[in-house]
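Working through the structure, step by step
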Amino acid sequence: MTTAVKIQLALATLMFAVAPWIVNAAPHEATMGLVYKIYFFHMPSAWMFMLAAIVSGVASARYLFTKNPKSDATAVAAAELAVLFGLLALVTGPLWARKAWGVWWVWDARLTSSLMLFLIFVAYLLLRQFGGPGSEKLSAGLALFGMANVPFIYVSVNVWRTLHPKTSVVPTLPVEMGIPLWFCVTAFLLLFLALLSLRSSLERQRGRIDALYLAEDEA
Amino acid sequence: MRHLRLLLTLALLVGPVHAGAQPQPSPDEFVPISEIPPEERIPAINLVAAAYAFVWVAVLGYVWTLGSRLKKAEDEIARLERKAG
Amino acid sequence: MNAFLRVAVLVVRKDLTVEVRSFEVLSTTLFFAVTVVLIFAFGFVKEGVPLDGVAAAILWIALAFSGTLALGRTFERERQADTLRALMLAPADRPALYAGKLAGILLLMALVEAVLVPMVGLMFQAPIFEAPLLLAGLLAAGTLGFAAVGTLFAAMLVRARSRDVLLPVLLYPMTVPVMIAGVRGTAALFQSEPDPGLAQFWLALLVFFDAVFVTLALWTFEPLMTD
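Residues numbered from 1 in each chain as written. Chains lettered and ligands numbered in written order. Predicted model: local features only at pLDDT ≥ 70, side-chain atom pairs only at ≥ 80, totals over all residues.

1. Examining the overall build of chain A
Looking only at helices and strands, chain A features 6 helices and 0 strands. Sequence-ordered secondary structure for chain A, helices as α and strands as β, is α-α-α-α-α-α. In chain A, which comprises 219 residues, the proportion classed as buried is 47%. Residue pairs in contact within chain A that sit at least 24 positions apart in sequence constitute 78% of those at least 6 positions apart. (Helix = DSSP H or I, 4+ residues; strand = E, 2+ residues; numbered from the N terminus. Buried ≥ 20, exposed ≤ 12 C-beta atoms within 10 Å, placed from the backbone. Contact = placed C-beta atoms within 7 Å.)

2. Overview of the overall build of chain C
Counting its secondary structure elements, chain C contains 8 helices and 2 strands. When the helices and strands of chain C are listed from N to C terminus, the series reads α-α-β-β-α-α-α-α-α-α. Over its C-alpha trace chain C gives a radius of gyration of 18 Å, about what one expects of a compact globule, namely 17 Å for 227 residues. Oriented by its inertia axes, the alpha-carbon framework of chain C measures out at about 55 × 35 × 30 Å. In chain C, which comprises 227 residues, the share counted as buried stands at 43%. (Rg over C-alpha atoms; globule rule 2.2 N^0.38 Å.)

3. A short note on the nonpolar core
When a protein is soluble and globular, its nonpolar side chains tend to lie buried together. Ranked by internal contacts, the top residues of the largest apolar core, which has 146 residues, are A52(A), A78(A), L81(A), A82(A) and V149(C). The element contributing the most residues to this core is helix α3 (residues 69-100) of chain A, with 17 residues. Ignoring sequence-local partners within four residues, the contact set of A78(A) consists of A52(A), V55(A), S56(A), A59(A) and L196(A). (Core = buried A, V, L, I, M, F, W, Y, C linked by C-beta atoms within 7 Å.)

4. Some words on the interface of chain A and chain C
With 21 residues of chain A in contact, the opposing surface of chain C contributes 19 residues. Breaking the side of chain A that touches chain C down by element, the ones donating at least two residues are α2 (39-66), α4 (109-130) and α5 (135-159) of chain A. At 9 residues, α5(A) tops the list of elements feeding residues into the side of chain A that touches chain C. Within the side of chain A that touches chain C, the residues separate by chemical class into 15 nonpolar, 5 polar and 1 charged. (Nonpolar A, V, L, I, M, F, W, Y, C, P; charged D, E, K, R; others polar.)

5. Some words on the packing of helix α3 (residues 54-81) of chain C against helix α5 (residues 94-124) of chain C
Residues and elements named next belong to chain C. Contact geometry of α3 with α5 gives a least axis separation of 10 Å together with a crossing angle of 150°. Here α3 is positioned roughly antiparallel relative to α5, judged by the angle of their axes. Both α3 and α5 take part in a crossing whose hand is right-handed. Along the contact surface, α3 presents V54, A55, I58, L59, A62, L63, S66, G67, A70, L71 and T74, while α5 presents I105, L108, M109, V112, E113, L116, V117, V120 and F124. When the residues that make up the contact of α3 with α5 are grouped by side-chain class, the tally is 16 nonpolar, 3 polar and 1 charged. (Axes fitted to C-alpha atoms, helices over the stretch in contact; angles between N-to-C directions. Parallel < 35°, antiparallel > 145°, perpendicular 65-115°, else oblique. Left-handed = near helix turned anticlockwise from the far one by under 90°.)

6. Some thoughts on the confidence of the model for chain A
Residues and elements named next belong to chain A. With 80% of its residues at a pLDDT of 70 or more, chain A has an overall mean of 80. Taking the mean pLDDT of every element in chain A, the minimum, 72, falls on α5 and the maximum, 92, on α3. pLDDT under 50 marks residues 156-163. Its contacts with residues more than four places away, or in other chains, come to 17 contacts. (pLDDT = per-residue confidence, 0-100.)

7. So, the confidence of the model for chain C
Overall, the prediction assigns chain C a mean pLDDT of 88, with 100% of residues at 70 or greater. Within chain C, the element-level pLDDT minimum falls on strand β2 (residues 49-50) of chain C, averaging 76, and the maximum on helix α6 (residues 132-157) of chain C, averaging 93.

8. Regarding the environment of I58(C)
Residue and element names in this part refer to chain C. Relative to the elements of secondary structure, I58 occurs in helix α3. By C-beta crowding, I58 is classed as buried, having 26 other C-beta atoms within 10 Å. Spatially, the C-alpha atoms of I58 and F146 are 16 Å apart, while their sequence positions differ by 88 residues. Once you skip the residues sitting within four places of it in the chain, I58 turns out to touch V37, F40 and V120.

9. Brief notes about the packing of α5(C) against α6(C)
Axis angle and axis distance: for two packed helices, these are the angle between their axes and the distance between the axes, and together they describe the pair. Residues and elements named next belong to chain C. In contact at an axis separation of 9 Å, α5 and α6 are set at 130° when each is read in the N-to-C sense. It follows that α5 is oblique to α6 by the angle criterion. The two elements α5 and α6 meet at a crossing, and its hand is right-handed. Side by side, α5 and α6 meet where Y98, K101, L102, I105, L106, M109 and E113 of the first sit next to L139, T143, L144, A147, A148, T151, L152 and A155 of the second. Tallied by class, residues from the contact of α5 with α6 come to 11 nonpolar, 2 polar and 2 charged.

10. Quick word on the environment of Q200(C)
All names here are of chain C. With respect to the element layout, Q200 can be found in helix α8 (residues 196-225). Q200 sits in the partly exposed class, given 16 other C-beta atoms within 10 Å. Separated by 128 residues in sequence, Q200 and G72 place their C-alpha atoms 32 Å apart.

11. With respect to unusual backbone geometry
Of note in the backbone geometry, K67(A) takes a positive phi value of approximately 55° without being a glycine. By secondary structure assignment, the location of K67(A) is in the loop between α2 and α3. Phi is positive for Q125(C), close to 50°, though the residue is something other than glycine. One can find Q125(C) in the loop between α5 and α6. The class of Q125(C) is exposed, set by 12 C-beta atoms lying within 10 Å.

12. Some points on the environment of F16(A)
With respect to the helices and strands, F16(A) occurs in helix α1 (residues 3-25). For F16(A) and R199(A), which are 183 residues apart along the polypeptide, the C-alpha to C-alpha distance reads 20 Å.

Written out as structure tokens, the structure reads:
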């Protein structure tokens, strides 16, 4: 584990430990009261989910065209993190929605697309696990296509009128709410970067193990 | 690596423990009472607590499994290199 | 461009020649599609009256299921005779091979749709002749989007383990946007007061998806198929 990763992990841990105080200090929102505070964890999770999807897609594209196993390692790591953060977003979202909208789930563009992207990366992991030899290439193709979905998710909120708050609400947040939000976003980002490094290195180590076994067989 | 995992887990546990021990925000803290519809009296705190608890558990769980997988891989590499070397 | 077209046409002709011998894929896919529509009809028709708005959904679901089946069967045939490897060994432009396989699947799906659309129109009193051009456009664009992704994935999976179950697992989430646009656009045309404007919007979205997916597929076919 490199120094950079150690610092990221330490900072992320610190920020996560401090987060409850900061979130608690944020005022109640006018119409939604206390429950909107889920937002401080829900939105960074959703952002990390999308970031992970993009990273996996880009790394997959690089792997497809350069055949560099390091890119494949990054792609797998990011896909796993996409499933993790996607799960966080898809669970915290409905918990908030239950109070804010009265229902656990609505089939609008944003939610449906997010769920689909999440399923794509679950399919990615299934493919890696059960596809047999050669599934690195196939999953790279899948992730690339999955990434093509990301702009659609982002645009969908602005194109269709849905219950989901429009993305433009972020810059207009009052400072007392802005600070906890950006604090949590930073914490999540540091966590994401640290986990990405660690998981990629795990994948590279597995490649090394395979190579060692092969060498042992040949000896 | 082992120590780091322990440290990480302990540090991440500090937050929820303190959050639980804190006084919960009182209802008349910066919110225009006239704008709260009656249904806000239902415990939103349950949903908030559930959401935060889920995030903690999921992240901790993932970090834990990642740590143990990394450890297994490192041990395996050490073993194989010893055999080859 | 000429060489590209020539290779693609050759691939289509080869597939047609093989298919015409037995019509195996066409007949089984067609029959499967018809049974899917019937099964859904039994599920959704209450006291002889279909539930509101199910016609469009049933049509597209039947197309998705039968399309997946057709894709699997077509490439299984290639796998058994190992002809896919032979194709890849040929000194032909790889994207052209993909285009040829895609055209073959599109032809097959068009034939299935030629049967299913009148059938759905009859069984659910759907106004298929209200805006026939728009409906045809929606079907064409939707089928192209579905088949573009499906052909690529099916070709990719030819040598993978668990390929039968992995094809739907990979394909359905990826093509849900196409399905949503197809169903909503068709439903806009089938509803009691048809909304061609809304249908046009969904058609535009489908065309956008097709552009993205076909381009991606052409671009990645070669690296995905070669070792």
